[in-house]
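# Chain and residue survey
Here are the chains, one letter per residue:
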Amino acid sequence: MPEQPYEPEGAIAGTGMGGAMDLATSEATTLEKTPGGPEGTGPAGKPRSLWSDAWRDLRRNPVFIIAGVVILFLVFISLWPSSITWMSPLKCDLAKAQQGSQPGHPFGFDGQGCDVYTRTVYGTRTSVTVGVCATLGVALLGSVLGGLAGFFGGAWDSFLSRITDIFFAIPVVLGGLVLLSVVTSNTVWPVVGFIVLLGWPQIARIGRGSVITAKQNDYVQAARSLGASNSRILLRHIAPNAVAPVIVVATIALGTYIALEATLSFLGVGLKPPNVSWGIDISAASPYIRNAPHMLLWPAGALAITVLAFIMLGDAVRDALDPKLR
């Protein structure tokens, strides 16, 4: 009797179990081709990463959207202040000193006859520059030192822990009064350097704890057993999974650094004239708060809104990256 040719479709259709298996296989294939899978999966049914989940949550968070819009506006006017004001912040007229709002001058004039609106706009550049540069420096220095201490441990970890304890014991404002009072440079960089000097221990402690937690995971042990070098393990496996807490703390701290710059400038040891800073304007307006409150209201309000926006952004990022809230 001649042997019948083998037909896969007929063989599967001829058995009940085979049909069920074929149906399950077809459904699985359809699911993989579906652009959006079930909750917790992305395109082609693949599980989403922490960062994709965080971005999805951030896009749905109104706090993040509001803070992001405010911060984008602040960055825009810090880069191109002349796009919304036509005057120079250093152009003053003593005949108009302490006068209130007038046509073309909605915020009035300060004690030197300078336009408060223009100085408030140009003060954004100083605050955003100090905040961003200080945050980048603090995050880079602190994460590198803390990550190395958490990864290698031993004497280096103990030494760094004692150094961070010493820096934590230094009062920030008092340290600024002592260190910045002897600086003669009239730029933002001494203030940025001071903030980095006293701000890195916090990031270092956060980074150290994150690295210690990440290096105990199974994928790190597997990479080590396969012969991966310390640098590869630290850069390719540990750092991407330990950087989230550092980003959260640095984002929240950015607003704090802006407020710290304004405080130091208010005390006379931060930025000094002819620089334009909200802290300088608040300090100059404080003696006239009763007679001309507008001189203090607008720079102080701009400072409060900026700090609040960055703190709100940090809170939203923290909520999106915290796995305990999922």
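Further up the page is the structure itself.
Quick look at the structure, then. Given the structure is predicted, the values throughout are model-derived calculations rather than measurements.

Next up on the list: the overall build of the chain. Regarding its fold elements, the chain presents 13 helices and zero strands. Ordered by position from the N terminus, the helices and strands of the chain form the series α-α-α-α-α-α-α-α-α-α-α-α-α. Residue pairs at least 24 apart in sequence account for 66% of intrachain contacts in the chain once pairs closer than 6 positions are excluded. By element, 67% of the accessible surface of the chain is carried by carbon and sulfur atoms, the whole surface being about 18,200 Å².

Moving on, we come to the packing of helix H8 (residues 189-214) against helix H11 (residues 244-266). Taken N-terminus to C-terminus, the directions of H8 and H11 make an angle of 155°; their axes are 11 Å apart at the nearest point. Between H8 and H11, the crossing angle belongs to the class labelled roughly antiparallel. The two elements H8 and H11 meet at a crossing, and its hand is right-handed. The residues of H11 that touch H8, namely those facing Val191, Phe194, Ile195, Gly199, Gln202, Ile203, Ile206, Gly207 and Ser210, are Pro245, Val246, Val249, Ala250, Tyr257, Leu260, Glu261 and Leu264.

In this section: the state of the cysteines. Counted by the stated rule, this structure contains one disulfide. Here Cys92 pairs with Cys114 through a disulfide, and the sulfurs are 1.6 Å apart. Note on the Cys92 and Cys114 pair: the S-S dihedral is about 65°, so by sign convention the disulfide is right-handed. Here the residue Cys92 occupies a position in the loop between helix H4 (62-79) and helix H5 (116-152), and Cys114 occupies one in the loop between H4 and H5, the gap between them amounting to 22 residues. Look at Cys114 and you get buried, because its relative accessible area is 4%.

If you walk through the whole model with that rule in mind, you get seven salt bridges. A salt bridge links Arg208 to Asp157; its shortest N-O distance comes to 2.6 Å. Here Arg208 is found in helix H8, whereas its partner Asp157 is found in helix H6 (residues 154-168), with 51 residues between them in sequence. The class for Arg208 is partly exposed, based on a relative accessible area of 27%. The class for Asp157 is buried, based on a relative accessible area of 11%. Across the pair Arg318 and Asp319 runs a salt bridge whose closest N-O atoms are separated by 3.5 Å.

Attention now moves to a nonpolar patch on the surface. On the surface, a cluster of nonpolar side chains totalling about 700 Å² of accessible area is made up of Val172, Val173, Leu174, Leu177, Val178, Leu179, Leu197, Phe266 and Leu267. Looking at the nonpolar patch, the element that brings in the most residues is helix H7 (residues 172-179), giving six residues. Following the sequence through the fold, Leu174 ends up in helix H7.

What follows is about the nonpolar core. Residues Ile258, Leu303, Leu313 and Leu321 are the most contacted members of the largest nonpolar core, which totals 26 residues. Elements that contribute at least two residues to this core include exactly helix H3 (50-59), H4, H11, helix H12 (278-285) and helix H13 (294-321). With twelve residues, H13 is the largest single contributor of residues to this core. One finds Phe194, Val196, Ile203 and Val249 within the second-largest nonpolar core, a separate group that totals 23 residues.

Further remarks concern unusual backbone geometry. Residue Pro274 follows Pro273 across a cis peptide bond; omega there is 10°. Looking at the secondary structure, you find Pro274 in the loop between H11 and H12. Look at Gln98: it is not a glycine, yet its phi comes out positive at around 65°. By the secondary structure assignment, Gln98 is in the loop between H4 and H5.

With 26 residues, H8 should reach 38 Å at 1.5 Å per residue; the first-to-last C-alpha distance of 35 Å fits that figure. If you look at H8, its biggest bend is around 40°, right at Gly199, and the proline Pro201 turns up within four residues after that.

Between H4 and H13, the shortest axis-to-axis distance is 8 Å and the interhelical angle comes to 135°. Overall, the two elements H4 and H13 adopt an arrangement that is oblique. In terms of crossing hand, the pair formed by H4 and H13 is left-handed. On the side of H4, the interface is formed by Val63, Phe64, Ala67, Val70, Ile71 and Leu74, while H13 contributes Ile305, Thr306, Ala309, Phe310, Met312, Leu313 and Ala316. Residues of the contact of H4 with H13, tallied by class, amount to twelve nonpolar, one polar and no charged.

Following the sequence through the fold, Val116 ends up in helix H5. Overall, the relative accessible area of 6% leaves Val116 in the buried class. Remark: the alpha-carbon pair of Val116 and Pro299, spanning 183 residues in sequence, is separated by 8.0 Å. Contact partners of Val116, with chain neighbours within four places excluded, come to Phe107, Gly108, Phe109, Asp110, His294, Trp298 and Pro299.

We describe a pair of aromatic rings using the distance from one ring centre to the other and the angle between the two ring planes. Counted under the stated rule, the structure contains seven aromatic pairs. Ring geometry for Trp55 against Phe64: centres 6.2 Å apart, planes inclined by 90°, an arrangement best described as edge-to-face. Taken together, the ring pairs connect Phe107, Tyr117 and Trp298 into an aromatic cluster.

Calculation notes
Residues numbered from 1 in each chain as written. Predicted model: local features only at pLDDT ≥ 70, side-chain atom pairs only at ≥ 80, totals over all residues. Heavy atoms only, no water. Helix = DSSP H or I, 4+ residues; strand = E, 2+ residues; numbered from the N terminus. Contact = heavy atoms within 4.5 Å. Areas by Shrake-Rupley, 256 points an atom, 1.4 Å probe, with all protein chains shown as cover. Axes fitted to C-alpha atoms, helices over the stretch in contact; angles between N-to-C directions. Parallel < 35°, antiparallel > 145°, perpendicular 65-115°, else oblique. Left-handed = near helix turned anticlockwise from the far one by under 90°. Disulfide = S-S within 2.5 Å. Buried < 20%, exposed > 50% of the residue type's maximum accessible area, 1.4 Å probe, protein only. Salt bridge = Lys/Arg side-chain N within 4 Å of Asp/Glu carboxyl O. Patch = residues over 30% accessible without salt bridge, like charges linked within 9 Å, V, L, I, M, F, W, Y side chains within 5 Å. Core = buried A, V, L, I, M, F, W, Y, C linked by side-chain atoms within 4.5 Å. Expected span 1.5 Å × (residues − 1). Bend = angle between axes of the 7 residues up to and from the residue. Nonpolar A, V, L, I, M, F, W, Y, C, P; charged D, E, K, R; others polar. Phe/Tyr/Trp six-rings, centres within 6.5 Å; stacked < 30°, edge-to-face > 60°.

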